[in-house]
Amino acid sequence: MTKSELIQLLAAKQPQLDYRDVELAVKELLEQLSTALASGKRIEVRGFGSFSLHYRPPRVGRNPKTGDTVQVPDKHVPHFKPGKELRERVDD
Amino acid sequence: MSSLTKADLAEALFNELGLNKREAKEFVELFFEKIREALERGEPVKLSGFGNFGLRNKNPRPGRNPKTGEEIPISARRVVTFRASHKLKERVEQNAGSRRQP
């Protein structure tokens, strides 16, 4: 399922909203989620899951082509942990 | 810093798009439900600019209760995975400078 398919499904379920508003609402929700994570905030959606940032310490990596060692700086990466309902429904 | 919740998301739809409070709450609920339904059907969900939710089948493996040391088998299962998009990873990194860990 893609973003536009999700928009279509939601529009069919919410006939009182203009298609354009459904599109804007989906974009707004994704923007809210992205902004929260970008500012280091956790996201918790009961029954769906939680998003947080995981810290990756700096490490010495290797360029796989040349074999040269390179310093890889530390970073934060987004992480998703599925909630109980989602875990159970996906694994029936 | 408190977490972002469904209530905050509904509030954003109310403030930014003028959905009424009931519509906003329902929309947020439905948004996550449609994603759950797709994953339940075994369909990956690709939200460009945000990330992809995928599914992986895990083989059974022996496990252990970390408290008691007791061995318990872990059955085969299907799990949800998430890969953040490059755009989201970049946004997280751009803002990360201020909260570097020691």
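Residues numbered from 1 in each chain as written. Chains lettered and ligands numbered in written order. Predicted model: local features only at pLDDT ≥ 70, side-chain atom pairs only at ≥ 80, totals over all residues. Heavy atoms only, no water.

Participant: Can you lay out helix α2 (residues 21-40) of chain B for me, pointing to particular residues and giving the numbers?
Facilitator: All names here are of chain B. Here α2 contains 20 residues, and its C-alpha end-to-end distance of 29 Å stays within 8% of the 28 Å for a straight helix at 1.5 Å per residue. Between the side-chain oxygen at the start of α2 and the backbone nitrogen of arginine 22 there is a gap of 3.1 Å, and the oxygen is on asparagine 20. Downstream of α2 by one or two residues, glycine 42 has phi in the positive range, about 90 degrees. (Helix = DSSP H or I, 4+ residues; strand = E, 2+ residues; numbered from the N terminus. Expected span 1.5 Å × (residues − 1). Polar contact = N/O pair within 3.5 Å; in protein donor to acceptor, adjacent residues only side chain to side chain.)

Participant: Could you give an account of the pattern of salt bridges, naming the residues involved and the relevant values?
Facilitator: Across all of its chains, the model carries 15 salt bridges over all chains by this definition. For glutamate 23 of chain A, the salt bridge is made with arginine 20 of chain A, and the minimal N-O distance between the two is 3.1 Å. Residue glutamate 23 of chain A and its partner arginine 20 of chain A are both found in helix α2 (residues 19-38); the two are separated by three residues, about one turn of the helix. Several salt bridges converge on common partners, so that one network encompasses Glu85 and Arg89 of chain A together with Glu33, Arg36 and Glu40 of chain B. (Salt bridge = Lys/Arg side-chain N within 4 Å of Asp/Glu carboxyl O.)

Participant: Any chance you could break down the nonpolar core for me, citing the residues and the numbers?
Facilitator: In this structure, Phe48 and Phe51 of chain A together with Phe27, Phe31, Ile35, Phe50 and Phe53 of chain B are the most contacted members of the largest nonpolar core, which totals 45 residues. Sort the elements by how many residues they give to this core and α2 of chain B lands first, with nine residues. Apart from the residues lying within four places of it in its own chain, the contact partners of phenylalanine 51 of chain A are Leu37, Arg42, Ile43, His79 and Phe80 of chain A together with Phe50, Phe53 and Phe82 of chain B. (Core = buried A, V, L, I, M, F, W, Y, C linked by side-chain atoms within 4.5 Å. Buried < 20%, exposed > 50% of the residue type's maximum accessible area, 1.4 Å probe, protein only. Contact = heavy atoms within 4.5 Å.)

Participant: Mind laying out the packing of helix α1 (residues 3-13) of chain A against α2 of chain B, listing which residues take part and the relevant values?
Facilitator: Relative orientation of the contacting elements α1 of chain A and α2 of chain B amounts to 130 degrees, with a least axis distance of 10 Å. By the criterion of interaxial angle, the relationship of α1 of chain A to α2 of chain B is oblique. As α1 of chain A packs across α2 of chain B, the resulting crossing turns out to be right-handed. Where α1 of chain A approaches α2 of chain B, its residues Leu6, Leu9, Leu10 and Lys13 of chain A are matched on the opposing element by Phe27, Leu30, Phe31, Lys34 and Ile35 of chain B. Looking at the contact of α1 of chain A with α2 of chain B residue by residue, the classes come out as seven nonpolar, no polar and two charged. (Axes fitted to C-alpha atoms, helices over the stretch in contact; angles between N-to-C directions. Parallel < 35°, antiparallel > 145°, perpendicular 65-115°, else oblique. Left-handed = near helix turned anticlockwise from the far one by under 90°. Nonpolar A, V, L, I, M, F, W, Y, C, P; charged D, E, K, R; others polar.)

Participant: Go over the sheet that holds strand β5 (residues 75-82) of chain A with me, naming the residues and quoting the values.
Facilitator: Strand order in this open sheet of three strands is β1-β2-β5 (chain A), and the pairing throughout is antiparallel. Each edge of the open sheet carries a strand with a single partner, namely β1 (43-45) and β5 of chain A. Put simply, the sheet's adjacent strands are angled 25 degrees from each other on average, direction ignored. In this structure, strand β2 (residues 49-56) of chain A lies alongside β5 of chain A, joined through eight bridges in antiparallel fashion. Bridge pairing links arginine 56 of chain A to lysine 75 of chain A in β5 of chain A. Docked against the sheet, helix α3 (residues 86-94) of chain B engages β2 and β5 of chain A, running at close to 125 degrees with respect to β5 of chain A. (Pairing = 2+ DSSP bridges.)

Participant: A description of the sheet that holds strand β1 (residues 45-47) of chain B should follow, citing residues and the corresponding values.
Facilitator: Sheet strands line up and pair through hydrogen bonds in the backbone, either parallel or antiparallel. All names here are of chain B. Taken in spatial order, the three strands line up as β1-β2-β5 in an open sheet, and their pairing is antiparallel. Each edge of the open sheet is held by one strand with a lone partner, namely β1 and β5 (77-84). Here the average twist between neighbouring strands, direction ignored, is 25 degrees. Where β1 lies against strand β2 (residues 51-58), three bridges are found, and the strand directions are antiparallel. Bridge pairing links lysine 46 to asparagine 52 in β2.

Participant: Give a detailed account of empty space enclosed by the protein, specifying residues and quantitative values.
Facilitator: Summed over all chains, the structure comprises one cavity of 30 Å³ or more. Space inside the largest cavity adds up to approximately 30 Å³. Taken together, Leu33, Phe48 and Phe51 of chain A together with Phe31, Phe32, Ile35, Leu47, Phe50 and Phe53 of chain B make up the full set of residues lining the largest cavity. For the lining of the largest cavity, the element with the highest residue contribution is α2 of chain B, accounting for three residues. (1 Å grid on protein atoms, 1.4 Å probe; cavity = no way out; pocket = protein on both sides within 12 Å on 5 of 7 lines; lining within 4 Å. Points joined across faces, edges and corners; volume = space filled by probe spheres on them.)

Without other data, these values stay purely geometric and don't point to any function.
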